[in-house]
Amino acid sequence: MTSRSNSKGLRTHYASQLKDSVGKEVRIAGWVEDLRAKGSITFLTVRDVTGLAQAVFKRDELPEEEYSKLKKLTLQSVVSVRGIVGRSLSKKLEFEVKAKGLELVSKALHPLPLDPRGRIDAGLDKRLDSRALDLRNPKNLAIFKLRHALVQSIRAYLISNGFIEVSTPKLIGTATEGGADLFEVDYFGRKAYLAQSPQLYKEQLVMSLDRVFEMADYFRAEKSSTRRHLSEFYSVDVEAAFMDEEDVMGLLEGLIRKAIEDVSRECTEELKLLGVSLKVPEVPFERITYDEAVEELKALGVDKKVGDDLLDSDLKVLGSAHKGFYFITKWPVGLKPFYIERIKEEPEYTYSFDLQHGYLEIASGGRRVHDRAELERRLRECGLDVKGFEEHLKVFGYGMPPHSGWGLGLDRLMMVLTGRKNIREVTLYPRDRFRLVP
Ligand code: ATP
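Everything numeric here is computed off the predicted structure, so don't read it as measured data.

1. Let's talk about the overall build of the chain
(1) Moving on: Regarding its fold elements, the chain presents 12 helices and 16 strands.
(2) Moving on: Overall, the chain is about 90 × 55 × 40 Å in size when its C-alpha atoms are taken along their principal axes.
(3) Moving on: Burial statistics for the chain: of 438 residues in total, 50% are counted as buried.
(4) Moving on: Nonlocal contacts in the chain, meaning residues at least 24 apart in sequence, comprise 63% of its contacts between residues at least 6 apart.
(5) Moving on: Counting only carbon and sulfur atoms, one obtains 53% of the accessible surface of the chain, whose full area is about 21300 Å².
(6) Moving on: Positive and negative charge centroids in the chain, built from 70 and 68 side chains respectively, lie 9 Å apart.

2. Considerations on the sheet that holds strand β8 (residues 184-187)
Hydrogen bonds along the backbone pair up the strands of a sheet, which may run parallel or antiparallel.
(1) Moving on: Across the sheet, which stays open at both edges, the three strands sit in the order β7-β9-β8 with antiparallel pairing between neighbours. The strands lining the two open edges of the sheet, one partner per strand, are β7 (171-172) and β8.
(2) Moving on: Sheet analysis places β7 next to strand β9 (residues 190-194), joined by two bridges and oriented antiparallel. Each residue of the ladder has a partner; that of Leu171, found in β9, is Leu194.

3. Some details on the nonpolar core
(1) Moving on: Grouped together as the largest cluster of nonpolar side chains are 59 residues, with contacts concentrated most on Leu158, Trp406 and Leu408.
(2) Moving on: The biggest single contributor to this core is helix α4 (residues 138-160), with 10 residues.
(3) Moving on: Excluding residues that lie within four positions of it along the chain, Leu158 makes contacts with Phe163, Phe213, Val236, Val238, Leu251 and Leu255.
(4) Moving on: One finds Ala15, Val46, Ala53 and Val85 within the second-largest nonpolar core, a separate group that totals 21 residues.

4. Quick word on the pattern of salt bridges
(1) Moving on: For the structure shown, the criterion picks out 43 salt bridges.
(2) Moving on: A salt bridge links Arg287 to Glu253; the nearest nitrogen and oxygen atoms lie 2.9 Å apart. Separated by 34 residues along the polypeptide, Arg287 in strand β12 (residues 286-289) and Glu253 in helix α6 (residues 245-266) bring together distant segments of the chain.
(3) Moving on: Given the relative accessible area of 28%, Arg287 is considered partly exposed.
(4) Moving on: Ionic pairing is found between Lys298 and Glu295, a salt bridge with its closest N-O pair at 3.4 Å. Here Glu295 and Lys298 lie together in helix α8 (residues 290-299), a separation of three residues that amounts to about one turn.
(5) Moving on: Classification of Lys298 as partly exposed rests on a relative accessible area of 38%.

5. Side note on α6
Spacing of three or four residues puts side chains on the same side of an α-helix, whose turn is 3.6 residues.
(1) Moving on: The first and last C-alpha atoms of α6 sit 31 Å apart over 22 residues, in line with the 32 Å expected at 1.5 Å per residue.
(2) Moving on: All buried positions along α6 are accounted for by Glu245, Val248, Met249, Leu251, Leu252, Glu253, Leu255, Ile256, Ala259, Ile260, Asp262 and Val263.
(3) Moving on: Put simply, Asp244 is the residue that caps the front of α6, since its side-chain oxygen is 3.1 Å from the backbone nitrogen of Glu246.

6. With respect to the sheet that holds strand β15 (residues 360-367)
(1) Moving on: Pairing in this open sheet of eight strands is mixed, and the strands run β6-β10-β11-β16-β15-β14-β13-β12 from one edge to the other. The open sheet has two edge strands with one neighbour each: β6 (164-165) and β12.
(2) Moving on: Each of β6, β10 (211-219) and β11 (232-241) touches α4; the most contacted strand, β10, lies at about 150° to it.

7. Some remarks on the site of the ligand
(1) Moving on: Arg220, His229, Leu230, Glu361 and Ile362 are the nearest of the 14 residues found near the ligand.
(2) Moving on: Take Glu361: an N or O atom from its side chain is 2.6 Å from an oxygen atom of the ligand.
(3) Moving on: For the ligand, the accessible surface in isolation is 590 Å², of which the surrounding protein chains cover 80%.
(4) Moving on: Contributions of two or more residues to the shell around the ligand are made by β15 and β16 (403-409).
(5) Moving on: When residues of the shell around the ligand are assigned to their parent elements, the largest contribution, four residues, is made by β15.
(6) Moving on: Grouping the constituent residues of the shell around the ligand by class yields five nonpolar, four polar and five charged.

8. A few points about α4
(1) Moving on: The terminal C-alpha atoms of α4 lie 33 Å apart, and with 23 residues this matches the ideal 33 Å at 1.5 Å per residue to within 8%.
(2) Moving on: In this structure Asn137 caps α4, since a side-chain oxygen of it lies 2.8 Å from the backbone nitrogen of Lys139.
(3) Moving on: Downstream of α4 by a residue or two, Gly162 has a phi angle that is positive, lying close to 85°.

9. Things to note about the packing of α4 against helix α12 (residues 410-418)
In helix packing, the relevant descriptors are the interaxial angle and the interaxial distance, both defined with respect to the helix axes.
(1) Moving on: Relative to each other, α4 and α12 sit at 120°, their axes nearing to 11 Å. By the angle between their axes, α4 is oblique relative to α12. α4 and α12 meet at a crossing whose hand is right-handed. Contacts between α4 and α12 involve Ile143, Leu146, Arg147, Leu150, Val151 and Ile154 from the former and Leu410, Asp411, Leu413, Met414, Leu417 and Thr418 from the latter.
(2) Moving on: The residue makeup of the contact of α4 with α12, split by class, is nine nonpolar, one polar and two charged.

Here is what the cut-offs are and how they apply
Residues numbered from 1 in each chain as written. Predicted model: local features only at pLDDT ≥ 70, side-chain atom pairs only at ≥ 80, totals over all residues. Heavy atoms only, no water. Helix = DSSP H or I, 4+ residues; strand = E, 2+ residues; numbered from the N terminus. Buried < 20%, exposed > 50% of the residue type's maximum accessible area, 1.4 Å probe, protein only. Contact = heavy atoms within 4.5 Å. Areas by Shrake-Rupley, 256 points an atom, 1.4 Å probe, with all protein chains shown as cover. Lys, Arg positive; Asp, Glu negative; His and termini not counted. Charge placed at Lys NZ, Arg CZ, Asp CG, Glu CD. Pairing = 2+ DSSP bridges. Core = buried A, V, L, I, M, F, W, Y, C linked by side-chain atoms within 4.5 Å. Salt bridge = Lys/Arg side-chain N within 4 Å of Asp/Glu carboxyl O. Expected span 1.5 Å × (residues − 1). Polar contact = N/O pair within 3.5 Å; in protein donor to acceptor, adjacent residues only side chain to side chain. Axes fitted to C-alpha atoms, helices over the stretch in contact; angles between N-to-C directions. Near = heavy atom within 4 Å. Nonpolar A, V, L, I, M, F, W, Y, C, P; charged D, E, K, R; others polar. Parallel < 35°, antiparallel > 145°, perpendicular 65-115°, else oblique. Left-handed = near helix turned anticlockwise from the far one by under 90°.

Here is the structure:
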């Protein structure tokens, strides 16, 4: 991080930059983590986004009005400390600031709803109620620094593979995939919906842009309350002309490998704090067909037949046999949306896949229907109103290349990379059936 001062000159250095400034006068700014008086010396620890710094105040060496400011401080208040950087005797910190002056910038009003130092346990709900403060906890902050690195890695990877980043509407006039999990909104007196995925738009865009990706929030009126569903989630979507399902599975494998490499390299401190060690998975990932999954479940005593969906309980059973990343491929036509292409020789099945990590579904994709007549047939089969899709269908008469793609739940991938079991922990301000604030 480069040295910078804000307009009031409250900060010249971040905590992590003290090591480069021994003997120099600096100003550090952050929030009070601790305040300990030992005789005529007070130790003030100040945290900022980069870490912890200690400032030492000696009563004998400071004017009384400066030293007495310490009395007004409350934990978590924002302060700015001016002083000279020196080596520290503290076991935890190598450098410290020999304080010359102190400014209380913004006082934290007690009692605070939680202790962001994590010294008093707070449940997840309580933490989320005061998320802004909760993020001062280095472990929680580490999750979002890692998320930032992950997003950058994915973007760079897709761009290097020739994908163009796009942004599609989140307010839509027709349901993308039908279904009951849509949020309806009033759009100037008309019915509109919050987009549940960019599916139809991204398919249309391959006609001209060839390879597109979008990273954005989508909305699902999830009625069930699970640890892996949100009503607003962040998705990475790709769609590519002249690629088949194998091509986009390969792209996904490469993305996961690159993401783990990048995050492991760039987030060593964060991963340490989170207690996670990551291993770059071998490719190709294991592939089992849907039928094989059903056979496996049956062999393990689960009552399943071909055509049944794989329920949470089934995925848990499969997940304990298949640790790590693996694909479930070739799903029956009845279990996949209308835009997924049938296998010609086995029309009961589709060119489709889900990427799993143990029990957790991370991504879903496949080869798409690119023939208008077939798309209409599939819509009817799925019980959807063909007329409602006319806007989309007409595009298929402009010349549509064969194409494939997938959607990956970034929050779910974050759960894997951070070892967190609840999706709410890896989302800044999660939305679920019961939570709409903050
Ligand atoms: P699930 O079966 O787990 O509910 P889905 O089959 O509805 O997921 P898709 O519509 O295929 O999911 O969406 C693609 C990816 O988006 C999923 O693999 C998942 O990672 C992510 N995703 C979908 N819905 C949610 C949600 N409500 N919350 C978080 N992530 C989601």
